Number of protein chains: 2
Amino acid sequence: MPSLETPFFDRLAAAILAKRSPLMVGLDPRWQQLPEGLRPADGASLTEVAEAFRAHSCGVIDAVADLTPIIKPQAAFFEQLGPAGMTALAAVIDHAHAAGLLVCIDGKRNDIGSTAEAYADGWLGATSPWKGDALTVSPYLGDDSLEPFTNIAAERGCGVFILVKTSNPGGGLFQDQQSGGQPLYRQVGNYVDSIAKATVGECGYGVAGAVVGATYPEQLAKLRAAMPHTWFLVPGFGAQGGAATDVAGGFDAKGLGAVVNSSRGVIFAYEKRPHADGWQAAVRVAAEEAVQQLREVMPG
Amino acid sequence: MPSLETPFFDRLAAAILAKRSPLMVGLDPRWQQLPEGLRPADGASLTEVAEAFRAHSCGVIDAVADLTPIIKPQAAFFEQLGPAGMTALAAVIDHAHAAGLLVCIDGKRNDIGSTAEAYADGWLGATSPWKGDALTVSPYLGDDSLEPFTNIAAERGCGVFILVKTSNPGGGLFQDQQSGGQPLYRQVGNYVDSIAKATVGECGYGVAGAVVGATYPEQLAKLRAAMPHTWFLVPGFGAQGGAATDVAGGFDAKGLGAVVNSSRGVIFAYEKRPHADGWQAAVRVAAEEAVQQLREVMPG
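Criteria and cut-off values
- Residues numbered from 1 in each chain as written.
- Chains lettered and ligands numbered in written order.
- Predicted model: local features only at pLDDT ≥ 70, side-chain atom pairs only at ≥ 80, totals over all residues.
- Heavy atoms only, no water.
- UniProt positions renumbered as here; feature names shortened; annotations may be inferred.
- Helix = DSSP H or I, 4+ residues; strand = E, 2+ residues; numbered from the N terminus.
- Rg over C-alpha atoms; globule rule 2.2 N^0.38 Å.
- Buried < 20%, exposed > 50% of the residue type's maximum accessible area, 1.4 Å probe, protein only.
- Contact = heavy atoms within 4.5 Å.
- Areas by Shrake-Rupley, 256 points an atom, 1.4 Å probe, with all protein chains shown as cover.
- Lys, Arg positive; Asp, Glu negative; His and termini not counted.
- Charge placed at Lys NZ, Arg CZ, Asp CG, Glu CD.
- Least-squares fit on C-alpha atoms with pLDDT ≥ 70 in both.
- Axes fitted to C-alpha atoms, helices over the stretch in contact; angles between N-to-C directions.
- Left-handed = near helix turned anticlockwise from the far one by under 90°.
- Salt bridge = Lys/Arg side-chain N within 4 Å of Asp/Glu carboxyl O.
- Buried area = accessible area lost by both parts, 1.4 Å probe.
- Polar contact = N/O pair within 3.5 Å; in protein donor to acceptor, adjacent residues only side chain to side chain.
- Nonpolar A, V, L, I, M, F, W, Y, C, P; charged D, E, K, R; others polar.
- Expected span 1.5 Å × (residues − 1).
- Pairing = 2+ DSSP bridges.
- Disulfide = S-S within 2.5 Å.
- Phe/Tyr/Trp six-rings, centres within 6.5 Å; stacked < 30°, edge-to-face > 60°.

With an unreviewed UniProt entry as reference, chain A is termed Orotidine 5'-phosphate decarboxylase, source organism Botrimarina mediterranea. Among the UniProt annotations of chain A, the heading Catalytic activity (unreviewed entry) holds the following wording: "orotidine 5'-phosphate + H(+) = UMP + CO2".

Undergrad: Account for the overall build of chain A, naming residues and giving values.
TA: Along the backbone of chain A there are 13 helices and ten strands. The globule rule puts the C-alpha radius of gyration for 300 residues at 19 Å, and the 18 Å found for chain A is close to it. Here the C-alpha coordinates of chain A stretch approximately 55 × 45 × 40 Å along the principal axes. Residues classed as buried in chain A amount to 62% of the 300 residues present. By sequence separation, contacts in chain A at least 24 residues apart represent 72% of the contacts at least 6 residues apart. A total of about 10,200 Å² of accessible surface is found on chain A, and carbon and sulfur atoms cover 52% of it. Each charge class in chain A can be summarised by its mean position, and for the 22 positive and 31 negative side chains these summaries are 5 Å apart.

Undergrad: Quick rundown of the relation of the copies chain B and chain A? Include the residues and the values.
TA: The second copy of the chain is related to the first by a rotation about an axis and a shift along the axis. It takes a turn of 180 degrees to lay chain B on chain A, together with a shift of 0.0 Å along the axis; the resulting RMSD is 0.0 Å. On the angle and the small slide along the axis, the relation comes out as a two-fold axis. Closest to the rotation axis within chain B is the C-alpha of Ser-179 of chain B, separated from it by 2.5 Å. Comparing contact sets, 100% of the residues at the interface of chain B also lie at the interface in chain A, consistent with an isologous, same-surface contact.

Undergrad: With reference to specific residues and values, describe the environment of Thr-87 of chain B.
TA: All names here are of chain B. Structurally, Thr-87 is set in helix α4 (residues 83–98). What makes Thr-87 partly exposed here is its relative accessible area of 44%. As for Thr-87 and Ala-99, which are separated by twelve residues in sequence, their C-alpha atoms are 19 Å apart.

Undergrad: So what about the packing of helix α8 (residues 184–198) of chain A against helix α9 (residues 217–226) of chain A? Which residues, and what values?
TA: When two helices pack together, you describe them by how their axes are tilted relative to each other and by the distance separating the axes. All names here are of chain A. The interhelical angle for the contact between α8 and α9, taken along N-to-C directions, is 35 degrees, at an axis separation of 10 Å. Crossing angle aside, the handedness with which α8 passes α9 is right-handed. Contact residues: α8 offers Tyr-185, Arg-186 and Asp-193, while α9 offers Gln-219, Leu-223 and Ala-226.

Undergrad: How would you summarise the pattern of salt bridges if you had to cite specific residues and measurements?
TA: Scanning all chains against the criterion turns up 28 salt bridges over all chains. Here Arg-109 of chain A ties to Glu-79 of chain B by a salt bridge, and the two come within 3.0 Å at their closest N and O atoms. Linking Arg-109 of chain A in strand β3 (residues 102–109) with Glu-79 of chain B in helix α3 (residues 75–79), this pair reaches from one chain into another. Comparing Arg-109 of chain A with Glu-79 of chain B shows no difference in burial state: the two are buried.

Undergrad: Could you give an account of the interface of chain B and chain A, with specific residues and numbers?
TA: Taken together, the contact between chain B and chain A spans 57 residues of the former and 57 residues of the latter. Around 4,800 Å² of area is buried between chain B and chain A when both sides are counted, 59% of it from carbon and sulfur atoms. Taken together, the links from chain B to chain A amount to four salt bridges. Linking chain B with chain A are 35 residue pairs in polar contact (both at pLDDT 80 or more). At seven residues, helix α5 (residues 113–123) of chain B tops the list of elements feeding residues into the side of chain B that touches chain A. Of the residues belonging to the side of chain B that touches chain A, the class tally is 26 nonpolar, 22 polar and nine charged.

Undergrad: Got a sec to walk through helix α13 (residues 279–297) of chain A? Specific residues and values, please.
TA: All names here are of chain A. Between its first and last C-alpha atoms α13 spans 28 Å; for 19 residues at 1.5 Å apiece the expected length is 27 Å, and the two agree. All of the buried residues in α13 are Trp-279, Ala-281, Ala-282, Val-283, Ala-286, Ala-287, Ala-290, Val-291, Leu-294 and Val-297. Looking at the packing, one finds that the buried side of α13 touches β1 (23–27), α2 (46–64), α10 (244–247), β10 (258–262), α11 (264–267) and α12 (269–272).

Undergrad: Tell me what's going on with the sheet that holds strand β1 (residues 23–27) of chain B, and back it up with residues and numbers.
TA: Residues and elements named next belong to chain B. One closed barrel holds the eight strands; their spatial order is β1-β2-β3-β4-β5-β8-β9-β10, and the pairing between them is parallel. Geometrically, the sheet is characterised by an average inter-axis angle of 30 degrees between neighbouring strands, direction not taken into account. Pairing of strand β5 (residues 159–165) with strand β8 (residues 208–212), which is carried by five bridges, proceeds in the parallel orientation. Across the sheet, residue Val-160 finds its bridge partner in β8, namely Ala-208. Packing against the sheet, helix α9 (residues 217–226) makes contact with β5, β8 and β9 (232–234), and its axis sits at approximately 170 degrees to β9.

Undergrad: Any chance you could break down the state of the cysteines for me, citing the residues and the numbers?
TA: All names here are of chain B. According to the stated counting rule, one finds zero disulfides over all chains in the structure shown. Cys-158 carries a free sulfur, and the closest cysteine sulfur to it, the one in Cys-104, is 11 Å from it. Take Cys-158: its relative accessible area is 3%, and that puts it in the buried class. Just so you know, Cys-203 is unpaired, no disulfide at all, and the nearest cysteine sulfur is the one on Cys-158, 14 Å from it. The buried category is assigned to Cys-203, whose relative accessible area is 16%.

Undergrad: Would you mind going over the sheet that holds strand β4 (residues 134–137) of chain A in detail, with residue names and values included?
TA: Residue and element names in this part refer to chain A. Strand order in the closed barrel formed by eight strands is β1-β2-β3-β4-β5-β8-β9-β10, with parallel pairing between adjacent strands. Strand-to-strand twist in this sheet, taken as the mean axis angle between neighbours without regard to direction, amounts to 30 degrees. Bridge analysis of β1 against β10 gives three bridges, and the strand direction is parallel. Bridge pairing in β10 links Leu-23 to Val-260.

Undergrad: Please give an account of helix α5 (residues 113–123) of chain A that cites residues and values.
TA: Residues Thr-115, Ala-116, Ala-118, Tyr-119, Ala-120, Gly-122 and Trp-123 of chain A constitute the buried set of α5 of chain A. As for α5 of chain A, its buried residues are in contact with α4 (83–98), β3, β4 and α6 (143–156) of chain A together with α3 and β3 (102–109) of chain B. Downstream of α5 of chain A by one or two residues, Gly-125 of chain A has phi in the positive range, about 105 degrees.

Undergrad: If you had to explain the UniProt feature "active site" (unreviewed entry) in chain A to someone new, which residues and values would you point to?
TA: In the UniProt entry, the feature "active site" (unreviewed entry) is given for Lys-108 of chain A. Note that Lys-108 of chain A resides in strand β3.

Undergrad: Which residues make up the side chain of Gln-187 of chain A, and what are the values?
TA: Residue placement: Gln-187 of chain A occurs in helix α8. Within the structure, the side chain of Gln-187 of chain A is placed 2.7 Å from the backbone oxygen of Ser-179 of chain A, a separation counted as a polar contact. At a separation of 2.9 Å, a polar atom in the side chain of Gln-187 of chain A contacts the side chain of Gln-177 of chain B. Once you skip the residues sitting within four places of it in the chain, Gln-187 of chain A turns out to touch Ser-179 and Gln-182 of chain A together with Phe-174 and Gln-177 of chain B.

Undergrad: Help me get a handle on the packing of aromatic side chains, residues and values and all.
TA: Going through the model one piece at a time under the given rule, you end up with 19 aromatic pairs over all chains. For the ring pair Phe-8 of chain A and Phe-9 of chain A, a centre distance of 4.8 Å and an interplane angle of 75 degrees mean the geometry is edge-to-face. Neither Phe-8 of chain A nor Phe-9 of chain A differs from the other in exposure class; each is buried. Between Tyr-205 of chain B and Trp-231 of chain B, the aromatic rings sit 5.1 Å apart at their centres with planes inclined by 65 degrees, giving edge-to-face as the arrangement. Residue Tyr-205 of chain B is found in the loop between α8 (184–198) and β8, and its partner Trp-231 of chain B is found in the loop between α9 and β9; the two are separated by 26 residues along the sequence.

Here is the structure:
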C-alpha cells in the first residue's frame, strides 16, 4: 500500500486499477430514507439521528468496500444535525479508512486566503482532525483562495476537486457566462489545469481536480481534452439522470482521469429494489451494477 | 424585542438603530493569538484548544455586546479543530443569543438544490441545530442552489449574505470577468437584488443580502445604487486595510443597508494595545473606536 506521502491521485489511480472500478459512492444520509431498523422514530433526538446516519454510512461502506476506491461523505447532511452530526461524520471517515477506502469530503468550502488555509488544514491529511484525502472546493473567490487548498494538498499527499461545471439545471446561470470568447467554467478550468500541470504526479494528474457534471456529456469530453492534467469528479450519474455513456468522455485512454459518483442510486437502493438478504445486500447489488456499467464504457 | 418571525433584516435594522452601531464583530479565533491565560500550551489536545476558542469568543461577546448588533463566527476556525470545534461553535452561538446579539454564521456554504436545502435547514433559524440568524453563501452553483437558502431564510425570519464582490486581492480573477457589458459580480448582484426585491421587509431590504468588500470603495457605492433592496455585509474594514471612509458608500440615506465587519482588529486588539484591565478591556476599546469611526461616516 502506498504511503500517505504518495500523491492523492496516484493513490486513487492505483486503487481504481486494483478494483477495476472508477465508482465513487456518495454518502448523503437522510432520515426518512434510512432502512427500517435504522430509521429513527419521529421525535428522535439529533444524537439518535446522528447515530443512525453513522450506522447507515458505515453499513454502506462495509457493503461496497471492495467495489469502490473512494467514498464521498456530503458534509451538509451531517452538519444538518449539529455537533452530533459532525461527530458521526468523523466516525464515518475513520470507518472508511479502516476499510481501505479513500475519502473525499464534499464540503464545497472556500474563503479568503488565511481562512481558506484553516479549512484546508482542518480537512486534509492524515494528521488533520477530519483526515480527508480530498475535499471539494468552490472557485468564486479566485486564485488566492484556491492556492491554500492546493498547496496544503500537495504537501500532505491530498487532492482538491474545484467546482468547474456543476450538474444542476441552474449551474449555467453564472458558469456559462461568456467572457473573452469562453464560458466562465472554461476559464475556471484553465486555471485548475494550470495548477494540476504544475503538480503532476506519476499517474499524470496534479493535486487540483475538477467537478464536472455528467449531465453535460458533450462538455465533459471537451473539458477532458482541454484539461489533460486534471482529474475529474463526475457527479450526476444514476439518480441525477446521467447514464454510463454520458460519463464515458471523462476518462483518458487508460481508463483513468475520472471518478464517477453515485449517491442515492446506491445508498438507498433498497427503497426501489429490496433484497431478501437485507438492505446492505440491496446496496451491494446496486453498486455492482454501477461498476459493471462503468467498466463497459471505461477504456483500457 | 421583535419575535423571531420578524424578518432578519428588520431585526438587524432595529438593533443597529438601538445601539447606533453598524459594526459586526467577526469571531476568527486562532490558537497562537489567544491571550495569555487562555492560550493553550504546545501539545494541547483539540478539545483543550476548542475550549479556549469558546472562552475567547464568549469573552469577546461579553466585552462588545452593547456595542454591536451582530457577531459573525467564522466556521473555518472551529471546523479546523474537528468535532470538538463544532461543539464550541454551537456554545458560542448560544452565548451570543443569550447576550441579545444576532448571529451570522460565516460558512460560505452551497451545493446543488437538495443539498443546499440541508445546509439551509441545518444552519438557519431558532429551531435549527446551529440556530444561525444569517449565513454566508457562495453563488457559483447558480440560482437553483441559492433559492433553498433564501426560501428557508424567508420562512424562518433569517437572512442570507451571498458573495458578490469579495475583499481579497484575487477576488477579481473570476468576479471581474466581463460578460454582456458587465462584470460577473454585477450579474450576481442583479440576481441577488431580484430576490431581495421580492422579499422586502419593513426596513426596505429583502432576505437576500450580499457580501461586498470594503477594499473596493468605488464599487461599493455603485453596487449600493444598483442593489437598492439588498443589505450589504462589508468585510475588509480594519485589519484587511479598509478605512471607515471606504465603507461609507455602503450605507443608505438612513444609515441602514450595511453592516461592517471587523475581526482581527477587534478580537486580538490586546496584541498591539494591551490594556491594564486585561484583554477584554483592550477588545472593548478597539470595538468602541471602530463604532466611533463608523458613526462618523454613517448617514442619519
